[in-house]
Structures are given as C-alpha cells and as structure tokens.
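For reference, the chains in residue letters:
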Amino acid sequence: MNYTVKRTIMGQLPLGADLLEGLTEIVQREKIRLGRIQAIGATTHAVVAYYDQGTKRYNPMEFPGGMEILSLSGNVSVRDGKPFVHVHVLLGDFQGRVFGGHVLPGTKLFALEVFIDEFEGDPLSRSQDDRTGLFLWTSGQLTEV
Amino acid sequence: MNYTVKRTIMGQLPLGADLLEGLTEIVQREKIRLGRIQAIGATTHAVVAYYDQGTKRYNPMEFPGGMEILSLSGNVSVRDGKPFVHVHVLLGDFQGRVFGGHVLPGTKLFALEVFIDEFEGDPLSRSQDDRTGLFLWTSGQLTEV
Amino acid sequence: MNYTVKRTIMGQLPLGADLLEGLTEIVQREKIRLGRIQAIGATTHAVVAYYDQGTKRYNPMEFPGGMEILSLSGNVSVRDGKPFVHVHVLLGDFQGRVFGGHVLPGTKLFALEVFIDEFEGDPLSRSQDDRTGLFLWTSGQLTEV
C-alpha cells in the first residue's frame, strides 16, 4: 500500500505505434511490475471499451480519424505473472467534442508523450473478481465499503 | 511551494464505496495533509457539480447507471484543520460520450484504482476567497495576474 | 529516458491569469527544463486547438464563459533553448458536457490548482518533425514502430 518512486521513464512513442502494445513493450522490457502512467498525444485510429456492469463484458467502440489524446491515465501491475498495462483515455475531435473509454489493442498513435513512474514495494497482482467480473488486485484494498 | 513526495499510496476502493468518503477516509486515517490524487475506475452512480461563477454556487448533476471513470484528478490540503480532498472527474458512457465535474458525495464506485502522493513541506490551507467564492489556498500563489 | 523527480511545485494561479502564460512564467522563472504538469481548476474563457493531421495545422476553438478544468495534463521540455509548456485540457460546462484540446494562449483562469514535477536527467528538446509537422523530442524514443 505504501510505495516510493524508483524512476520515471519519460519519452515518446512514434507515429504508427499501437498505444497498448507500445506501453506493454516498454514495461515488459524494463521489467516494471508496479507503476503509474500519464500521457498526452494524438491517435490516427482509436479502439476503446465501455465495461457493461450488467453483462460483465467490455463493449468495444472505434473512433477512426485523427483525435487528440487529451488525457491518458492508468497503471502497471502484474497479471498472469507479467507486467500488465491498464489505461483509460480521453479523445478530442476537430470540434473539441470528447469521447473516451478503456484502451484496447488497435489504437494507433500519431504521437505520444508519456510518463511511466516505476514503484518499489510489494507487488499488486490481478485476478478475476466474482462480483464485478473485472481483473482486480488481490490485495491493496484501501477501505472497507 | 517546493515539495517532495514522501510516499505514494496505491490501491483500490471496493464496489459500493462512496468515492469522496472513501478518499477522505484514507487521507484522514493516514494523516495526509498535502497530496496529489490520480485514479481510474468506474461508477454505479455519479454526482458531480459545475461551479457557477456568477451565482458562486455549485450546481449538482446526477449520472445514474454504470460509467467509466476515465480520469480522476485532484489534491489533498487542509480545510477546517483536517485533510480535505478536492477532485474532478471525467465519466464515459456506453457510447463513449463523456461528462464530468467536481466530485460530490453520493458518487458510488463499481471499482477504483487510485494513487495518492503524500508530500513533505509547508501545508496549504483553504479558506473562502471573496472574489471567487471558492475555498482557495491562503498561500502558494505561483504568479501575479 | 530514466529520470528522478527533484522537487514538486504545488500551488495556485490567480483569477484573471492566462493559463499558458502563467505556467510558462513559472517554469522559466524556476528554470525547469524537464517536467510533468497536472492541474484542476476553472476557466472564464478557453482557447484550445485540434491538430489537423492532414493539413498539419492547429485549428483553434474558443469556449467563452465559465468552464470547469476537469483535467490538465502535460509536460515541460526545451524548445528554442527555453523551457516550453505543452498541455492538454478537458473542460466541463454547466450541463456536465465536456470539451477539450491542446491549450493555446488566451485561456483565462478563474482558478487553478497545479502540480509541476521537475525532473533531473538528460534534457529533451523539441524540433519540427517532418512526418507529423509537430515539434517532437529529438531523443527519448521509447519503442520502434
């Protein structure tokens, strides 16, 4: 529950990179098992999901064409023994309208300027939670209901 | 004005928790008087406000049903002698449309993955500001107009 | 690519300040050449842009009237030898609707509560990139396509 930042990776992902694959490549190569992600940039094509709490399924949505990444926010933890990226995104169109969701594979970048904080401390691992259907952390509960 | 991070709390809030009460419980229990908050997750019901700069009143709005928390961002400082949470949220619906505002009590969580950075350094305290009507920090002004 | 936080500036910008000028004044005065910015607050008038990837031009848009700053996210690096601020913003209106873009001069604040992390480490400098037309970092590439 208490962590300290070991290092911050700051840099960019290139035109044409897949957002989720790119972030996953970095954290797996750098062996970051616990982290925080923040970024801005732009997409050429975006695929995001809304999690339906009733059916417990992710519903994917596509946003073709150039969009600003107005906020990208999320974390790195462990799933199936490997560093796993979980990020949500907010996208802006040519009229300033905003759309967003849980980032899925298939989101292609025009540019990305990203920060990844790596933490030292006890790992957090995901496994499927019965009540929500989500892959939540098996520890790290901060309050009771 | 210059601070260093003492520790970062990383963890989750459970299904059914009240977002603002949960964050407040953590910072009060952990005696965090100065901090930064960042999170993603989902709500089952959200209550947010728009501050009307003319009337100097918060206008509450409700968003019932499941929404993604696409960004939650804010801070911890001191108000009335106690740790006080101020956060803004962006919510995404099943069509990827986005809504948001200043988080009010009554926002119920489906899940939340949160980072709270605790800072060392001079405290910032809130008191009501005549010109805006907001509870702003009594110090920590970074520029003149 | 690997950085450590040297200090965090936490504080507020006043009613009437220009958002981009205010942030630029802080980073230039404090000689912050590499940093991360995060804020919440409100605007009295906002000017943001959408970057058209086809024409390689920023298209400005104005949002007059009071809006919540639901998220402000970005970075500090070097352009033309000076500290340079690049931030994206999400704005909420009185009905909770959200708009956003790349922040331009002319965005006037009602209030702003901001964090600026200053990093130690190799500088990142911007120069114009042929393929995108953007002023991207000349180093700090984190992956291949």
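Refer to the structure above for everything that follows.
To keep things clear, this report deals only with the structure shown in the data block. (Residues numbered from 1 in each chain as written. Chains lettered and ligands numbered in written order. Predicted model: local features only at pLDDT ≥ 70, side-chain atom pairs only at ≥ 80, totals over all residues. Heavy atoms only, no water.)

### So, the interface of chain C and chain B
Then step 1. Across the contact, 44 residues belong to chain C and 46 residues belong to chain B.
Then step 2. Three residues, M10, Q12 and F110 of chain C, lead the burial of chain C against chain B; their summed loss comes to 21% of the area buried on that side.
Then step 3. Connecting chain C to chain B are two salt bridges.
Then step 4. Linking R126 of chain B and E113 of chain C is a salt bridge whose minimum nitrogen-to-oxygen distance equals 2.8 Å.
Then step 5. Counting only elements with at least two residues in the side of chain C that touches chain B, the list comes to β1 (2-13), α1 (19-29), β2 (35-52), β3 (57-79), β4 (82-92) and β6 (108-120) of chain C.
Then step 6. Element by element, the count of residues in the side of chain C that touches chain B is highest for β1 of chain C, at eight residues.
Then step 7. Of the residues in the side of chain C that touches chain B, the class split is 20 nonpolar, 14 polar and 10 charged.
Then step 8. Here strand β1 (residues 2-13) of chain B pairs with β1 of chain C via two bridges, running antiparallel. From the neighbouring strand, Y3 of chain B faces β1 of chain C, where its bridge partner is T8 of chain C. (Contact = heavy atoms within 4.5 Å. Buried area = accessible area lost by both parts, 1.4 Å probe. Salt bridge = Lys/Arg side-chain N within 4 Å of Asp/Glu carboxyl O. Helix = DSSP H or I, 4+ residues; strand = E, 2+ residues; numbered from the N terminus. Nonpolar A, V, L, I, M, F, W, Y, C, P; charged D, E, K, R; others polar. Pairing = 2+ DSSP bridges.)

### Comments concerning unusual backbone geometry
Residues and elements named next belong to chain B.
Then step 1. In this model, K31 sits at a positive phi of 55 degrees, which is unusual for a non-glycine residue.
Then step 2. Along the polypeptide, K31 turns up in the loop between α1 (19-29) and β2 (35-52).
Then step 3. Residue class for K31 comes out exposed when judged on its relative accessible area of 63%.
Then step 4. One non-glycine residue with positive phi stands out, namely D80, at about 55 degrees. (Buried < 20%, exposed > 50% of the residue type's maximum accessible area, 1.4 Å probe, protein only.)

### As for the packing of aromatic side chains
Then step 1. Taken as a whole and assessed by the stated rule, the structure comprises 18 aromatic pairs over all chains.
Then step 2. When the ring of Y50 of chain B is compared with that of F94 of chain C, the centres are 6.5 Å apart and the planes differ by 70 degrees; the resulting orientation is edge-to-face. Taken together, the residues span two chains, with Y50 of chain B in strand β2 and F94 of chain C in the loop between β4 and β5 (98-103).
Then step 3. What links up through ring pairs into an aromatic cluster is the set Y3 and F119 of chain A together with F115 of chain B.
Then step 4. Between R36 of chain A and the ring centre of F115 of chain B, over which it is positioned, the NZ or CZ distance is 5.2 Å.
Then step 5. In this structure, R79 of chain C packs its charged tip against the face of F135 of chain C, placed 3.6 Å from the ring centre. (Phe/Tyr/Trp six-rings, centres within 6.5 Å; stacked < 30°, edge-to-face > 60°. Lys NZ or Arg CZ within 6 Å of the ring centre and 35° of its normal.)

### What to know about the relation of the copies chain C and chain B
Then step 1. For these two chains of identical sequence, chain C goes onto chain B by a turn of 120 degrees and a shift of 0.0 Å along the axis, with RMSD 0.0 Å. A rotation of that kind, with that shift, is consistent with a three-fold axis. Across chain C, the rotation axis passes nearest the C-alpha of V98 of chain C, at a separation of 3.5 Å.
Then step 2. Interface residue correspondence from chain C to chain B reaches only 9%, placing this contact among heterologous pairings that use different surfaces. (Least-squares fit on C-alpha atoms with pLDDT ≥ 70 in both.)

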